[in-house]
Structure formats: structure tokens, C-alpha cells
Amino acid sequence: MNRKLRVVVMTQADRFFIPKNIARAAEVCEILEIVEVNCKSALENRLSDYYKWFGPWQCARMGAVTVGREAEKQLDRLTGYRLFGGCCSVKDVAKKHHIQHRVITNSNDPAYVRHIRALAPDLIISYSAPQIIKAELLSIPTYGVINVHGALLPDYRGCLPSFWYLYHDEKLGGATVHYMSAKIDDGDIIEQGSVDISDCKSMFELMKKTKTVGGELMVKAIEDIGNGTVERRKNETEKGSYFTWPTVEQAKEFRKKGKRLI
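Residues numbered from 1 in each chain as written. Predicted model: local features only at pLDDT ≥ 70, side-chain atom pairs only at ≥ 80, totals over all residues. Heavy atoms only, no water.

(A) Focus on the packing of aromatic side chains. With the rule as written, the count across this model stands at 16 aromatic pairs. Look at Phe163 and Trp164: their rings are 4.9 Å apart centre to centre, the planes differ by 80°, and that puts the pair in the edge-to-face class. Using a relative accessible area of 0% as the deciding quantity, one classes Phe163 as buried. Under the relative-accessibility criterion, Trp164 is labelled buried at 3%. Positioned above the aromatic ring of Tyr179, the side-chain terminus of Arg232 is 4.0 Å from the ring centre. Above the face of the Tyr167 ring, Lys257 is positioned so that its terminal group lies 5.6 Å from the ring centre. (Phe/Tyr/Trp six-rings, centres within 6.5 Å; stacked < 30°, edge-to-face > 60°. Buried < 20%, exposed > 50% of the residue type's maximum accessible area, 1.4 Å probe, protein only. Lys NZ or Arg CZ within 6 Å of the ring centre and 35° of its normal.)

(B) Examining the pattern of salt bridges more closely. Inspection of every chain in the model, using the stated rule, returns 18 salt bridges. Arg24 is paired through a salt bridge with Glu216; the nearest N and O atoms lie 3.3 Å apart. Of this pair, Arg24 sits in helix α1 (residues 18–25) while Glu216 sits in helix α7 (residues 203–227); the two residues are 192 residues apart in sequence, bridging distant segments of the chain. Assessed through its relative accessible area of 26%, Arg24 is described here as partly exposed. Glu191 is the partner of Lys220 in a salt bridge, and the nearest nitrogen-oxygen pair spans 3.4 Å. (Salt bridge = Lys/Arg side-chain N within 4 Å of Asp/Glu carboxyl O. Helix = DSSP H or I, 4+ residues; strand = E, 2+ residues; numbered from the N terminus.)

(C) Highlighting unusual backbone geometry. For the bond from Leu153 to Pro154, the omega torsion is 15°, close enough to zero to count as cis. Here Ala120, not a glycine, exhibits a phi torsion of approximately 50°, which is positive. Along the chain, the position of Ala120 falls in the loop between α4 (110–119) and β4 (123–127). Accessibility expressed as a relative area gives 42% for Ala120, which makes it partly exposed. Within the chain, Asp169 stands out as a residue other than glycine whose phi angle is a positive 55°. Summarising the element assignment, Asp169 is placed in the loop between α6 (161–167) and β7 (172–179).

Put into C-alpha cells, the structure is as follows:
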């Protein structure tokens, strides 16, 4: 086949990791549109939970880093994206690469499904899209919908794998690119790569490692699908583990272990 696929990217707001991965993907495919899903479960809408989990000091530190990144974004804009390549926000990476950018609140809204059907993408790729995508949208792209998850599936399916890796004192982390189904982190595995996380004390450190690996795996998956050389294997979820959002008590245990948000 050996051609560039026509792709829609679905994600959520991010300033640090996802924009770089989108920029990398833009080198190997034609991105028709970048869509931010701003729903209740998006991380930027769970700030009160982060305060309960990590406390005022860690949230203040994360806030300071975020303000610094916002300043970098403004400098990047002033230099025509020559400083950070548009990688300080999802919207800016779209603008830098002349890609349509859209914000929606419901991935499965009939109007959005009709919009995607009209675009007729070859593939939809998800970087931490925060909603379950239902069958109607999953069925539209010629080659399906694929997602990158920041864990070695079938283990650590579900929410916040960066938290749970540290909570369980894991030494090895990684990322997985898999086909999406109507269940969470359930579809066949395409690519998987591991990384040493034994030196990580914060979720931010861990995510930097796993999302870098995940971005490269996504590029390979896109290329292999386009070339017709993709290989897939069963995601044996019955043998793995699943975690939801942590409780306040689990977050306290996390902090007692010396682990941090940032």
C-alpha cells in the first residue's frame, strides 16, 4: 500500500506531551483534524480531585509549571512557532501544522458522528481521548480506531496508569497501541514497548517516559497500517488488571510512599 493515511486525531487538552506526539504523527500521515474532547472525565475538569489526591503544595507546584508552560506558549507564538514548534498546546500544534482544530464535549454526539462520516478518514487515532467511543463512530474509519495507552496491556487498563504504576512500586512501565472497541483498553494489541521507571518518583516523570515511548509506537502503527504490514495480537484482558480513579485513602498511601504528582 505504502501511502499516507488520512487521519483524525482525538485527544484532550495537554501542554506537555501529547502535542509533541501529534507533531511526530503529522510526519507520517495526513491529519485531517485534531479534536479535543472536553468532557467531564477530561483531566483538566478533575482539578478538585487532584487537590484531594495530592494536596495544595503539589497542586501549587503543578500550577507553577503550567504557568511557565503558558509563558513558553506565548513566546512560541511570538516567534512563529520557531521556539517550541507549537508543542505547548494541542491547539497550537494544530495551527503550526495548518490542521483544523475542534473542541467537542461528546465523542458520540450524532452531529459529530455525521461530521466524521463526511470526512471519511482512513483511521482515527486517540491520544488519551477521555470518553468511550461507541460502535457507530468506531465503524466509520476504513482501518478502525487505535489508541495509545500508557501501560503494558493487558495490565493497568483503565484510569491514571501513571498513578497506579507508582502506587504499586513497579520498576518497568511502558505503552501500548491497540485497536479500540466498545470496552475500555480492550481491543487487539498492535505495538508495545517498555521503559525503565525505577527512578521515577512523580507521575510527571513517569508520563514523560511512557508518553515518549507511546508516541513512537503510534508512528510505527500508523506506518504499518498504511503499508499493510500491521500485526495484531489478542489483548488478553482476563489475565490483566484494571484500575479506576484512586480514592482519597489510596492517594494518602501514595504520598506516604514518597510518590508525587510532580
